[in-house]
Amino acid sequence: MTAQQKPQLHEDWIDSYALRIVRNLQDAGFETYLVGGCVRDLLVGIHPKDFDIATSAHPNQVRKKVPNAYVIGRRFKLVLVKRGDQQFEVATFRRNVTQEELAEQGDDTIEGDNYFGTVQEDAVRRDFTCNAVFYDPGAHKLIDYCGGIQDIENRVLRMIGDPKERFIEDPIRILRAIRLSHKLHFSIESSMRAAIADCSGELKKSVLPRRREEWLKFMRLKEPHLAFMELFDLHILEQILPGLQSVFVNPAKMETFELHMARINIAGIDKNDPTELFAAFMMGFMKAQYGEDPWNHDELANDAKLAYFMREEMGIFKQEAAVFFKALHVMQGLHRIEQYSRKGERRQAAFVMNEAFPLAMKLAIMDFSLSPAQMLFWNQQLEKFSRSGAFARAKHEETHH
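None of these values were measured; they are calculated from a predicted model.

K.L.:
Describe the packing of helix H15 (residues 274–290) against helix H18 (residues 318–334), with residues and values.
P.N.:
Running from amino to carboxyl end, H15 crosses H18 at an angle of 60°, the nearest separation of the two axes being 9 Å. Put simply, H15 runs oblique to H18. Crossing angle aside, the handedness with which H15 passes H18 is right-handed. Here H15 contributes Pro-274, Thr-275, Phe-278, Ala-279, Met-282, Met-283 and Met-286 to the contact with H18, which in turn contributes Glu-320, Val-323, Phe-324, Leu-328 and Met-331. The residue inventory of the contact of H15 with H18, partitioned by class, reads ten nonpolar, one polar and one charged.

K.L.:
Outline the packing of aromatic side chains, supporting the account with residue identities and numerical values.
P.N.:
Here the structure, examined in full by the defined rule, presents 21 aromatic pairs. Seen from their ring centres, Tyr-340 and Trp-378 are 4.7 Å apart, and the 70° between their planes marks the pair as edge-to-face. One end of the pair, Tyr-340, is in helix H19 (residues 337–341); the other, Trp-378, is in helix H22 (residues 372–388), and 38 residues separate them in sequence. When its relative accessible area of 3% is taken as the criterion, Tyr-340 is described as buried. Look at Phe-351 and Trp-378: their rings are 5.5 Å apart centre to centre, the planes differ by 55°, and that puts the pair in the tilted class. One end of the pair, Phe-351, is in helix H20 (residues 345–352); the other, Trp-378, is in helix H22, and 27 residues separate them in sequence. The exposure class assigned to Trp-378 is buried, which follows from its relative accessible area of 0%. Aromatic ring contacts, followed pair by pair, group Trp-215, Phe-218, Phe-228, Phe-232, Phe-248, Phe-257, Phe-281, Phe-285 and Phe-309 into a single cluster. One residue, Arg-212, lies across the ring of Phe-317, its end atom 3.7 Å from the ring centre.

K.L.:
So what's going on with the side chain of Glu-258? Which residues, and what values?
P.N.:
You can see Glu-258 is positioned in helix H14 (residues 251–262). For the buried Glu-258, no salt bridge exists, and the shortest N-O distance to an oppositely charged side chain is 12 Å, to Arg-263. Other than its neighbours up to four places away in sequence, Glu-258 contacts His-225, Met-229 and Phe-248.

K.L.:
For the side chain of Asn-131, give the residues involved together with the corresponding values.
P.N.:
Looking at the element boundaries, Asn-131 is found in the loop between helix H5 (119–125) and strand E6 (133–136). Polar side-chain contacts of Asn-131 include one of 3.1 Å to the side chain of Asp-127. Non-local contacts of Asn-131, meaning those with residues more than four positions away in its chain, are made with Val-35, Gly-36, Gly-37, Arg-40, Arg-126, Arg-176 and Leu-180.

K.L.:
Tell me what's going on with the nonpolar core, and back it up with residues and numbers.
P.N.:
Counting 111 residues, the largest nonpolar core has Phe-228, Leu-244 and Phe-281 as its most contacted members. Looking at this core, the element that brings in the most residues is H15, giving ten residues. Residues in contact with Leu-244, not counting those within four places in the same chain, are Phe-228, Leu-237, Phe-257, Phe-281, Phe-285, Phe-309 and Glu-313. Residues Ala-54, Val-119, Cys-146 and Ile-160 belong to the second largest nonpolar core, which totals eleven residues.

K.L.:
Lay out the pairing of strand E4 (residues 78–83) with the relevant residues and their values.
P.N.:
Most of E4 sits out of view: five of its six residues are buried. When strand E3 (residues 69–72) meets E4, the two strands line up antiparallel, connected through four bridges. Residue pairing in the sheet places Tyr-70 in a bridge with Leu-80 of E4. Where E4 and strand E5 (residues 86–92) come together, five bridges link them in antiparallel fashion. Within the sheet, the bridge partner assigned to Leu-80 lies in E5 and is Glu-89. Counted along the chain from E4 to the antiparallel partner E5, the turn is two residues long, and its residue Gly-84 has a positive phi close to 60°.

K.L.:
Which residues make up the sheet that holds strand E1 (residues 32–35), and what are the values?
P.N.:
Reading across the sheet, the seven strands line up as E3-E4-E5-E2-E1-E6-E7 and stay open at both edges, with mixed pairing between neighbours. The open sheet is flanked by E3 and strand E7 (141–144), the only strands paired with a single partner. Between one strand axis and the next, the sheet turns by 30° as a mean value, whatever way the strands run. Taken together, the four bridges between E1 and strand E2 (residues 52–55) define a ladder with antiparallel strand orientation. Directly across from Thr-32, in E2, lies its bridge partner Thr-55. Strands in contact with helix H2 (residues 37–44) are E1, E2, E6 and E7; relative to E1, the strand with the most contacts, it is inclined by about 60°.

Rules and cut-offs
Sequence positions are assigned chain by chain, starting from 1 and proceeding in written order. Side-chain atom pairs in this predicted model are given and counted only at pLDDT of 80 or more, local residue features only at pLDDT of at least 70, and totals for whole chains, interfaces and linings cover all residues. As a convention, hydrogens and water are excluded, and side-chain values are obtained from all of the structure's heavy atoms. Angular values range over 0 to 180 degrees, each being the angle between N-to-C directions of two axes fitted as lines to C-alpha atoms, with helices fitted over their stretch in contact. By the criteria applied, helices consist of DSSP H or I runs no shorter than four residues and strands consist of E runs no shorter than two, each listed in order from the N terminus. When an angle is under 35 degrees it counts as roughly parallel; over 145 it counts as roughly antiparallel; between 65 and 115 it counts as roughly perpendicular; any other value is oblique. Take the far helix as the reference: if the near one is turned anticlockwise from it by less than a right angle, the crossing is left-handed, and if turned clockwise, right-handed. Contact between two residues is taken to exist if any of their heavy atoms lie within 4.5 Å; hydrogens are not considered. Lys, Arg, Asp and Glu make up the charged group, whereas Ala, Val, Leu, Ile, Met, Phe, Trp, Tyr, Cys and Pro make up the nonpolar group; the residues left over, Gly among them, are polar. Geometry of aromatic contacts follows a simple scheme: Phe, Tyr and Trp rings, the Trp one being its six-membered ring, pair when their centres are within 6.5 Å, and the pair is stacked under 30 degrees between planes, edge-to-face over 60, tilted otherwise. For each residue, the accessible area found with a 1.4 Å probe, counting protein chains only, is set against the maximum for its type, and the residue is called buried under 20%, exposed over 50%, and partly exposed in between. For a lysine, the NZ atom is tested; for an arginine, the CZ atom; a charge sits over a ring if that atom is within 6 Å of the ring centre and within 35 degrees of the ring normal. Positive charge is attributed to Lys and Arg, negative charge to Asp and Glu, and no charge count is given to His or to the chain ends. Counted as salt bridges are all cases of a side-chain nitrogen of Lys or Arg within 4 Å of a carboxyl oxygen of Asp or Glu. What qualifies as a polar contact is a pair of N or O atoms within 3.5 Å, subject to a donor-acceptor requirement within protein and to the restriction that residues adjacent in sequence count only when both atoms come from side chains. Side-chain atoms within 4.5 Å link the members of a nonpolar core, which is a set of buried Ala, Val, Leu, Ile, Met, Phe, Trp, Tyr and Cys residues. If DSSP finds at least two bridges between two strands, the strands pair.

Quick look at the structure:
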């Protein structure tokens, strides 16, 4: 397999652990497939991050047949299989519950999502047609009950069922639709686009932790600024991110925000680290909202409006916000090389080995606020103290004085 080859639906591109789990369950007599994002991504030439598995085996049967498998969830039971630092979700085929069955259940809806069904019943419960394609790696066979393969070929994102009903059922699907259309470069099918506009207010009913997860996924896109722009165009920002809406209604502010978001990739921001992603986002937001001038950091740290935006609209945790403000503080010090050079080695080490120093450097790259000479200076300092163990000595002295 050459490095130039694009990912494709072939064993070379499928995680070997995922293949083994599928084979394990198939050998035990259970109908089992890879499903969802991993199949979709390989069909469009993207290397998947996760491999989800769907099976006719019930959760406890999976647990007995697959080593290191744990049943999780109360309402929606599924199995997590751990392999090293990876984990795989194995879900039993489910079907829609009838009104009669719901009535029989009475108030106890805990089991409401544990009505197991066939692969076909499972397919029609999924959100978009492109996510409802199953793949049997043993037989090299695709299974498609919803026209997903055709839609993938046509690069169209289409809802399974009535888009309006499905958005009301779960408003987070609105954000997923927009994010996936940008990730896959698919166009949103017209009746679904109309339903997004009609149902955008429903997003207010969604819970913050799920929106937070979507914001992180938006920021992992190659061009996150374009996805946020579309949220603005579809009147979604005004519903759930009014703080960002106030940036987008001003063309100059919007441009500043977009420029910074477009630089996330060059700044070396770790896209698997929510703290770094939110810091990069907030850097763009604050440059747009508060201008380029040096900010009053104490004022910002105590700004109730800013705190509300970070906590209640973006879902940023207290600890993540604290690291971000610390990095902003370190950034100020990066411009004071002369002052830094006059300090003793112990204090220099403490500054360079500060936990927020690497993030401050990345934000400075994103902001173009340091010259190449300054960047070189700080990288040399970092190398010097990392290599010499001066920081460990500095800490040791602090503890023993």
